Amino acid sequence: MAIWPFISTFKPESQPFRMNERIQEKLSILADAAKYDVSCSSSGGKRKNENKGLGNAEGMGICHSYTEDGRCVSLLKILLTNHCIFDCAYCVSRRSNDVKRAAFTVDEVVDLTINFYRRNYIEGLFLSSGIFSSPDYTMERLVRIVKKLRTEHNFNGYIHVKTIPGASEELIAEAGLYADRLSVNIELPSELALTTLAPEKNYAEILTPMAQIRDGIIQNKEEKALFKKVPAFATAGQSTQLIVGASAETDLEIIKLTDSLYQGYGLKRVYYSGYIPVTDDARLPQVTQPPVIREHRLYQTDWLMRFYGFQADEILDPAHPHLDLEIDPKLAWALRNRHIFPVDVNTAEYEMVLRIPGVGARSAKRIIAARRFATLNMETLRQLGVVLKRAKYFLTCRGEHQPIIGELTEQQVRRQILFGAGSVRSALVTQQLDLFAQAS
């Protein structure tokens, strides 16, 4: 965990905050165990700093920084404990795994959050936990932590709390009063996988609190429209995490589940975590490295569904159940639907302009605004931020530019976009490159 190096910089003679060796050991263990949970985005929180309290989650939320593997570390990201009564095959904290165990007390988490915040090491708290004793026993302690931060220390920074599946409705409702975001991790993309790899869990215990959080958010918005003063409830919404590659689901199954979560449960984000082998278990696949490119393509697909108007069954279908690792999903869709193109950027509807490869949401809006005053040409599109390397095959400007897409096969267009016109290369290496590899 990236927060750990800061600990060694504490100088007892100049810093009033001193951690004893046991607290440092706990922080080392529980911060490291928390790194596998990637769903720690905090943008969207609007909690104001009132009554001269500590912290602020107003406007853009907190600032983010990232470790070299891309994980967010701007929050104090820890587990309350890595003791767990469950034995999920994929989890480093599983009951049968031989790892060093630790647990914070409520006051220890509160003190760490306040003192780290005062030193500008963090701007909020991401709090999760293994399940010890029972879901309610664990959830009650998570609630006590966030309640104490808010009510006793007047802490107004961002707080994200992982909801424990199986916890009572009352505890989840109380957590929503103090946390900016709540989340329940599904982890595995199908109930069959959950039954196989985490037999002590079930989808009902995961989806029930999701529905409760969704209903609480909706009710809170309705009450705010009627009454002046209403306690906030999970103002930054809820999220979840899916592990990719620990089970055999296709990308089509994953994005259909994602779409149902957005539509049915109003989630703010679904996060994808490429499976990292952390335990030895015959039920798990043997992998040499996490499927990082697949994870990246799923994030791109998620973006298309949330901001570009794509439906899950448009991006993939039974004939194409897996995402193309060579090219982004928008380009892959366009190549399969070449009969729709070219699109005239001077006359097409915004929704269609948005579907042109190389045209982002911001560029599409600029195109719609700019064409009201002048006819657009290729140079204008370049100035508006369009990536012409891809877009030029799929658009026209009132007949001034006629792409040759109709004269080329799908593979020819793909090769020209990937390698340039005239390239004789036929395939792109789809493995993650080694940053420190020697150049050939």
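To be clear, the structure that these remarks concern was listed above.
Residues numbered from 1 in each chain as written. Predicted model: local features only at pLDDT ≥ 70, side-chain atom pairs only at ≥ 80, totals over all residues. Heavy atoms only, no water.

Participant: Would you mind showing me how to read the overall build of the chain here?
Facilitator: Each helix and strand counted, the chain has 16 helices and eight strands in total. A sequence separation of at least 24 residues applies to 66% of the contacts in the chain between residues at least 6 apart. Carbon and sulfur atoms make up 51% of the accessible area of the chain, which totals about 21600 Å². (Helix = DSSP H or I, 4+ residues; strand = E, 2+ residues; numbered from the N terminus. Contact = heavy atoms within 4.5 Å. Areas by Shrake-Rupley, 256 points an atom, 1.4 Å probe, with all protein chains shown as cover.)

Participant: So what exactly am I meant to see when it comes to the packing of aromatic side chains here?
Facilitator: Each aromatic ring pair is specified by the distance between its two centres and by the angle formed by the two planes. For the structure on display, the rule yields seven aromatic pairs. Between phenylalanine 132 and tyrosine 137, the ring centres sit 5.3 Å apart and the planes meet at 85°, which makes this aromatic pair edge-to-face. Geometrically, the ring pair formed by tryptophan 333 and phenylalanine 341 is edge-to-face, given 6.0 Å between the ring centres and 85° between the ring planes. A single burial state applies to tryptophan 333 and to phenylalanine 341, both of which are buried. Taken together, the ring pairs in this structure connect Phe310, Trp333, Phe341 and Phe394 into an aromatic cluster. Here the guanidinium or amino end of arginine 269 rests over the ring plane of tyrosine 271, the centre of that ring lying 4.6 Å away. In this structure, arginine 355 packs its charged tip against the face of tryptophan 333, placed 5.2 Å from the ring centre. (Phe/Tyr/Trp six-rings, centres within 6.5 Å; stacked < 30°, edge-to-face > 60°. Buried < 20%, exposed > 50% of the residue type's maximum accessible area, 1.4 Å probe, protein only. Lys NZ or Arg CZ within 6 Å of the ring centre and 35° of its normal.)

Participant: Even after reading the chapter, I still don't get the pairing of strand β6 (residues 269–274), so can you show me in this structure?
Facilitator: Each regular strand shows side chains that alternate between the opposite faces of the sheet. Most of β6 sits inside the fold, with six of its six residues counted as buried. Burial along β6 is two-sided: Arg269, Tyr271 and Ser273 facing one way and Val270, Tyr272 and Gly274 facing the other are all buried. Relative to β6, strand β5 (residues 238–244) is paired through six bridges, and the arrangement is parallel. When the sheet's bridge partners are listed, leucine 242 is paired in β6 with tyrosine 272. Chirality of the crossover, the property in question, places the unit of β5, helix α8 (residues 251–265) and β6 among those that are right-handed. (Pairing = 2+ DSSP bridges. Right-handed = clockwise from strand over helix to strand, strands pointing away.)

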